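# Structural characterization, general
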Amino acid sequence: MASNEGAKRSNSPQTQSLSGIFHRILLVLFIGIIAWAYQATQPPPPRTCGSPDGHPITSPRMKLRDGRHLAYKEYGVPKDMANYKIIYIHAFDSCRHDALVADHASSELVAELGLYIVSFDRAGYGESDPHPKKTLKSIALDVEELADHLGLGPKFYVIGYSMGGEFTWTCLKYIPHSKEAFYQQLPADLWASREHARQQGEYESIHQDLNIGFGTWEFDPLELKNPFPNKEGSVHLWHGAKDPLVPLQLQRYIARQLSWIHYHELPGMGHMFPYDDGLVDTIIKRMLGR
């Protein structure tokens, strides 16, 4: 009897009305989730620098083969007087103004060795145009085009810090003929002048970085061959032993697998080790074999 009464109650007009409302709410929620998912796959248009709704252009820029513009900033001695030319690849959520090696190399070392350093905004950062089809290879080719545009000659050096170091692997893969030497640090860091770095939109800068840096790579860095078998260049990997972002064991494993890499482990130091007084000078000297 109780069971029958329950069945009658469940079919009452009031119950049916509540059930209908509940189903309508579920439908609205479902449509809302679908709309949100669609928006997530359709990023907002970038606020391209120089456009009516974008930020003004304040730095030198070069036009790439595909029509994009790449912004850059020069440091050190004049290029025509330089003995060594270095391209710096900035970190995650950073830009050309955060050229760590230029800011922390001593003026005495810059003058003594004749160092010219150029930092550039990677695609979508700062004042460099976004690249909707950005890949690991396109990052390396941007480096190569920048070197050609500036006339850096047949040999130049590449230094990358944090996620910028991660992208130096792409230079080893795609433009080894340029004879680069690298200082690398693999993980992404979460500091820097974010307002300027992200001014064209978060999707075009940090989201693209995360998609590429932590997505599926089209090559395995551990399968790379020594690009400098005749010692005309070198590859250096520096790591703070107390870095909380990347396990020490990972860097040691890389160094064991790629025996041609010069591995420098820094006891007692963490992710921010390049900011230690005098260490950038040491890094540059080792890279240049001085």
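Residues numbered from 1 in each chain as written. Predicted model: local features only at pLDDT ≥ 70, side-chain atom pairs only at ≥ 80, totals over all residues. Heavy atoms only, no water.

As recorded in an unreviewed UniProt entry, the protein chain goes by the name AB hydrolase-1 domain-containing protein, listed as coming from Erythroxylum novogranatense.

### Considerations on the overall build of the protein chain
Our working rule: Numbering of helices and strands starts at the N terminus; helices are DSSP runs of H or I of at least 4 residues and strands are runs of E of at least 2. Buried residues are those whose accessible area, probed at 1.4 Å on protein chains only, stays under 20% of the maximum for their type, while exposed residues exceed 50% and partly exposed ones sit between those limits. Any pair of residues with heavy atoms lying within 4.5 Å of one another is described as a contacting pair. Methods summary: accessible areas were calculated by the Shrake-Rupley approach with a probe of 1.4 Å, and residue burial reflects only the protein chains presented.
Scanning the protein chain for helices and strands turns up 10 helices and eight strands. When the 290 residues of the protein chain are sorted by exposure, 49% land in the buried category. Contacts in the protein chain between residues far apart in sequence, at least 24 positions, make up 78% of those at least 6 positions apart. Split by element, the accessible area of the protein chain, about 14800 Å² in all, is 56% carbon and sulfur.

### As for the packing of helix 6 (residues 163-174) against helix 8 (residues 203-213)
Applicable threshold: Each axis is a line fitted through C-alpha atoms, and for a helix only the stretch in contact is used; angles between axes span 0 to 180 degrees, taken between their N-to-C directions. Oblique is the label for any angle not covered by the other classes, which are roughly parallel (under 35 degrees), roughly antiparallel (over 145) and roughly perpendicular (65 to 115). By definition, any crossing whose near helix is turned counterclockwise from its far helix by less than a right angle is left-handed, and any crossing with a clockwise turn is right-handed. Residue polarity is assigned by list, with Asp, Glu, Lys and Arg as charged and Ala, Val, Leu, Ile, Met, Phe, Trp, Tyr, Cys and Pro as nonpolar; anything else, Gly included, falls into the polar class.
One way to put it is that helix 6 packs onto helix 8 with a least axis distance of 12 Å and a crossing angle of 50°. Here helix 6 lies oblique to helix 8, going by the angle between them. Crossing of helix 6 against helix 8: the hand is left-handed. Taking contact as the criterion, the partners of Met 163, Glu 166 and Phe 167 in helix 6 are, on helix 8, Asp 209, Ile 212 and Gly 213. When its residues are assigned to classes, the contact of helix 6 with helix 8 shows three nonpolar, one polar and two charged.

### Observations concerning the pairing of strand 3 (residues 84-89)
Going by this rule: By this definition, two strands are paired if DSSP reports at least two bridges between them.
Most of strand 3 is tucked away, with six of its six residues classed as buried. Sheet topology note: the strand 3/strand 5 (residues 157-160) ladder contains four bridges and is parallel. Its bridge partner being in strand 5, Ile 87 is matched across the sheet by Val 158.

### Section: the nonpolar core
Stated formally: Buried Ala, Val, Leu, Ile, Met, Phe, Trp, Tyr and Cys residues form a nonpolar core when they are joined through side-chain atoms within 4.5 Å.
Residues Ile 87, Leu 115, Val 143, Leu 146 and Trp 169 are the most contacted members of the largest nonpolar core, which totals 66 residues. Broken down by element, the residue count for this core peaks at seven residues, all from helix 5 (residues 136-150). Each residue touching Leu 115, except ones within four places of it in the same chain, is listed here: Tyr 75, Gly 76, Val 77, Tyr 84, Ile 86, Leu 109, Val 110, Ile 284 and Leu 288. One finds Leu 266, Phe 273, Leu 279 and Ile 283 within the second-largest nonpolar core, a separate group that totals five residues.

### Digging into helix 6
Applicable threshold: Multiplying one less than the number of residues by 1.5 Å gives the expected span of a helix.
Under the 1.5 Å per step criterion, the end-to-end length of helix 6 is 18 Å for 12 residues, consistent within 8% with the ideal 16 Å. In terms of residue burial, helix 6 counts as a mostly covered element, since 11 of its 12 residues are buried. Taken as a whole, helix 6 has its buried residues at Met 163, Gly 164, Gly 165, Glu 166, Phe 167, Thr 168, Trp 169, Thr 170, Cys 171, Leu 172 and Tyr 174.

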